[in-house]
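Structural features, examined
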Amino acid sequence: MCRFNEEEHFPGLDASDPQFGQKNFLSLFDYQQVQKDKKEDFLEDILRFYEAVKQDGVKLDYSSREWFAELRADFIYKKQKVELGIILQTEKTPRELDCWTIVGVTDLEKIGFADSTNRLVLGPEQHEVDFVEIDSDFRSSFKEISRFRSYQTKLNALSYFFALIESGTLTFNKRLRVVYHFFDVPSYVFTVSYFDRQTSNTGWLISDYKRVTPAEKEKIKSKYNNR
């Protein structure tokens, strides 16, 4: 964050260099994203990204509501390992203390979660027979009982995840890795991952980035924030 905000800089850069800011920004990226025959295109993309940051005066901040941590972790479901992403975000406690809280979960479709628009329904006269039809529905359609919900009700992935955990159906196995997703730059989204290399291009680096419209950004963000 400090290098992105130009409060610190990559070692060895000359602060008097007219391109100091651009070079410092370039050092934040995983260079393995560059295809040899498209190096110039990559550099042009990054410089456009840098200009967008400068133009909007973007500064990354721990307390921002525009970034998420994604903890990739192994879980056990029906005796099988499954990798899911736990999405966390910074927040304040009622005493104004900083903390991280779980705001979402990804990849639940691997274990049957499906917020489908398809629905199952009860017959229109079921109220006349005390909804007797539901007896067979709970027996024969229990694996897709959520499809009986209202057409106006969205299935909440995070609630589904917590229910599986608290019932013991899904159990935590181990942490795998962490990636961070940033939405602070108005026209971009980007991801930061850790790279352990014996080169200067190592540590926490921007591993992926994309220029987006406001609508595209909100759609991507909704994947991480299940509220």
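Residues numbered from 1 in each chain as written. Predicted model: local features only at pLDDT ≥ 70, side-chain atom pairs only at ≥ 80, totals over all residues. Heavy atoms only, no water.

1. Observations regarding a nonpolar patch on the surface
Where nonpolar side chains cluster on the molecular surface, the patch consists of Met1, Tyr62 and Trp100 and spans about 270 Å² of accessible area. In this structure, Tyr62 sits in the loop between helix 2 (39-56) and strand 1 (67-77). (Patch = residues over 30% accessible without salt bridge, like charges linked within 9 Å, V, L, I, M, F, W, Y side chains within 5 Å. Areas by Shrake-Rupley, 256 points an atom, 1.4 Å probe, with all protein chains shown as cover. Salt bridge = Lys/Arg side-chain N within 4 Å of Asp/Glu carboxyl O. Helix = DSSP H or I, 4+ residues; strand = E, 2+ residues; numbered from the N terminus.)

2. Considerations on the pairing of strand 2 (residues 80-92)
On a regular strand, each side chain points to the face opposite its neighbour's, so the side chains alternate between the two faces of the sheet. Sheet topology note: the strand 1/strand 2 ladder contains nine bridges and is antiparallel. Considered in strand 2, the bridge of Leu71 is made with Ile86. Where strand 1 folds back on strand 2, the antiparallel hairpin that results is connected by two residues, among which Lys78 adopts a positive phi of roughly 50°. In this structure, strand 2 lies alongside strand 3 (residues 98-106), joined through eight bridges in antiparallel fashion. Looking across to strand 3, one finds that Gln89 is bridged to Thr101. (Pairing = 2+ DSSP bridges.)

3. Notes on the sheet that holds strand 6 (residues 203-211)
One open sheet accounts for six strands, arranged 3-2-1-4-5-6; its pairing is antiparallel. Each having just a single partner strand, strand 3 and strand 6 make up the two edges of the open sheet. Strand after strand, the sheet turns through a mean of 35° between neighbouring axes, direction not considered. Seen against the sheet, helix 4 (residues 157-166) touches strand 1, strand 2, strand 3 and strand 4 (170-182) and runs at an angle of roughly 95° to strand 3. (Axes fitted to C-alpha atoms, helices over the stretch in contact; angles between N-to-C directions. Contact = heavy atoms within 4.5 Å.)

4. With respect to the domain arrangement of the protein chain
Split into domains, the protein chain comes out as domain 1 (1-8 + 18-71 + 82-114 + 177-227) and domain 2 (116-153). Once you take the C-alpha centre of each, domain 1 and domain 2 turn out to be 42 Å apart. (Domains from an automatic or database assignment.)

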